[in-house]
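# Chain and residue survey
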Amino acid sequence: MKTVRRFCGILIFTALCTAVALAQPALSRPDKKIVSEFEKKAQRYVSLRNKVKIKAPKVSGTATPDEIYANKVVFLAAVRSARSTARVGDLFTPAAAEIFKRLIETEFTDIETSELRKAVLEADTSGVPLEINVAYPESKELVAMPSALLLTLPQLPKELRYRFIGHSLAILDRDNALIVDFMTDALP
Amino acid sequence: MKQLILTLFLMATVCGLAADPSVIVYGQPVSSDLKVTLPLEEGSVKFVAIGDTGSGSRQQLELAKVMIDYREAIPYEFVLLMGDNLYGSEKPVDFKEKFEDPYRPILDQGVKFYASLGNHDESNQRHYELFNMNGEEYYRFTKGEVSFYALNSNYMDKRQIEWLEKELSKDRSRWKVAFFHHPPYSSGGKHGSSSSIRRIVEPIFIRHGVDVVFTGHDHFYERIKPQNGIFYFVTGAGGKLRRGDVKKNSPITAKAFDEDLHFMLVEITGDLMHFQVISRAGKTVDSGALPRRSP
């Protein structure tokens, strides 16, 4: 019985993985190359931030608020300094941004547009600077990213997050809230 | 025997054989101090569910006081947080004023808090020792025969979905309880049901026999009529209130309360989950018991 249950579990899990894979839209070969470049750049950012992370005080799963705050402040400063020459569009190159817009538009067509717009625009992100290499203000709420969209867009390394700021799509560092890059007019 | 009869009756009601298909409701709301409707059985799993707490407001403190007082009558062991644990800034002083100070007496008594993340929470809260997240944005823990799944509904990506599917598929616990911020079902005027989350998690919950789901985000209390056999609660007024926000005559509402802050007291014993909802004024605004889905 146990074996049957385990087998069924594996089957369902495989089916889910397949469904998730199928949920990702098919891209042409040139588009795949652009997305692959985007993913490499995202990974390069992660390598850089991991390299300078050692400058920040360590933080464990049982940290105090002081330790968490000290880590964030030092980590943020270190990454900002390490990528002081970064420019808007380093990750979202014009070609990549074009693909992202297309992917999002496809998603917005497939699912009720109004529903997704509501989910994205319901958060108040006014006052969040649309600027790279600055921190997303901790006093401002974050836009909950619609799952369907996350399953459509290229998957980021776990240290990075997609977030909408108004109609713009940004990439944030999960641990220090740095705005790594953004593209405007992402929301149709 | 009594337990068996009660369970059979509950199963019958859930199957739609009685007038109220959702739960047994324990009488009318009462106003006496420290009214207890839970059975308080030895060895049961007793906890509090509360959401959207971290305002640091006078109202949060007043509700926390009632919650602390109630622990003398109902010795709950831990607290589930539905997210929005810290509104506004997240400096060390904010952790103190919006979390540690309000709940200090029960923290000192050893009551553990298990947090999930809301849209006002930074991911770094996962490191905070008193939120018991052990550095993870989504995690699972077990108490007795109950498995608890804390999810991050702000960012339900492929990694998290695969993790949830994998954990649930090997979970043989008698009860499976999920908690997170955005409600798959809600009658809120401001936010309402998060269909984006529902579309992803509900099929997984159904497939793996999740019994109960606690959420927040909407700043009121709502017990949802069972959806596909799952009981959903919105408990999002632990520190902020959106008065009058529950849509009138919503077809999914079994019971709602949007006139004051509240928290939920919960006791799981055998195949029943008992609950009692307490307002800031100390009134019991809802109570009852529900059976688990997959006996």
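For the structure itself, consult the block above.
Every value quoted in this text rests on a predicted model; they were computed, and no experiment measured them.

## Some words on the nonpolar core
When a protein is soluble and globular, its nonpolar side chains tend to lie buried together. Judged by nonpolar contacts, the single largest core of 126 residues is most densely connected at A:Phe100, B:Val48, B:Phe179 and B:Met264. Those residues in contact with A:Phe100 that lie beyond four places of it in its chain are A:Phe92, A:Leu153, A:Leu169, A:Met183 and A:Ala186.

## Some words on the packing of helix α2 (residues 58-73) of chain B against helix α3 (residues 92-108) of chain B
A pair of packed helices is characterised by two quantities: the angle between their axes and the separation of those axes. Residue and element names in this part refer to chain B. Look at α2 against α3: their axes get within 9 Å of each other, and the N-to-C directions meet at 10 degrees. Classed by the angle they form, the pair α2 and α3 counts as roughly parallel. Contact with α2, carried on its side by Gln60, Leu61, Ala64, Ile68 and Arg71, involves Pro102, Tyr103, Pro105 and Ile106 of α3 and no other residues of that element. Looking at the contact of α2 with α3 residue by residue, the class counts come to seven nonpolar, one polar and one charged.

## Overview of the interface of chain B and chain A
On the side of chain A, 37 residues touch chain B, which itself brings 35 residues to the contact. Looking at the side of chain B that touches chain A, the elements with two or more residues in it are α3, α4 (158-169) and α5 (195-208) of chain B. A total of six residues in the side of chain B that touches chain A trace back to one element, the largest contributor, which is α5(B).

## Considering the sheet that holds strand β2 (residues 168-173) of chain A
All names here are of chain A. Spatially, β1-β2-β3 is the arrangement adopted by the three strands of the open sheet, whose pairing is antiparallel. Of all strands in the sheet, those with a lone pairing partner are β1 (160-165) and β3 (179-183), marking the two edges. Neighbour-to-neighbour, the strand axes of this sheet turn through a mean angle of 25 degrees, independent of strand direction. Across four bridges, β2 lies against β3 in antiparallel orientation. Among the inter-strand pairings, Leu169 is bridged to a residue of β3, identified as Met183.

## Quick look at the sheet that holds strand β11 (residues 253-257) of chain B
Residues and elements named next belong to chain B. Ordered in space as β5-β6-β7-β8-β10-β9-β11, the seven strands form an open sheet in which the pairing is mixed. What marks the edges here is a single partner per strand, and that holds for β5 (139-143) and β11. Averaged over all adjacent pairs, the angle separating strand axes in this sheet is 15 degrees, with direction ignored. Sheet topology places strand β9 (residues 221-224) next to β11; four bridges connect them, and they run antiparallel.

## Here we look at helix α3 (residues 65-82) of chain A
In this model α3(A) runs 26 Å from its N-terminal to its C-terminal C-alpha over 18 residues, within 8% of the 26 Å that 1.5 Å per residue would give. Of the residues making up α3(A), those classed as buried are A:Pro65, A:Ile68, A:Tyr69, A:Asn71, A:Lys72, A:Phe75, A:Leu76 and A:Val79. Angularly, the buried residues of α3(A) cover 160 degrees about the axis, an arc narrow enough to put them on a single face. Exposed side of α3(A), more than 90 degrees from the buried face: A:Asp66 and A:Ser81 are the residues found there. On its buried side, α3(A) packs onto α2 (29-53) and β2 of chain A together with α3 of chain B.

Parameters at a glance
Residues numbered from 1 in each chain as written. Chains lettered and ligands numbered in written order. Predicted model: local features only at pLDDT ≥ 70, side-chain atom pairs only at ≥ 80, totals over all residues. Core = buried A, V, L, I, M, F, W, Y, C linked by C-beta atoms within 7 Å. Buried ≥ 20, exposed ≤ 12 C-beta atoms within 10 Å, placed from the backbone. Contact = placed C-beta atoms within 7 Å. Axes fitted to C-alpha atoms, helices over the stretch in contact; angles between N-to-C directions. Helix = DSSP H or I, 4+ residues; strand = E, 2+ residues; numbered from the N terminus. Parallel < 35°, antiparallel > 145°, perpendicular 65-115°, else oblique. Nonpolar A, V, L, I, M, F, W, Y, C, P; charged D, E, K, R; others polar. Pairing = 2+ DSSP bridges. Expected span 1.5 Å × (residues − 1). Arc of directions from axis to C-beta.

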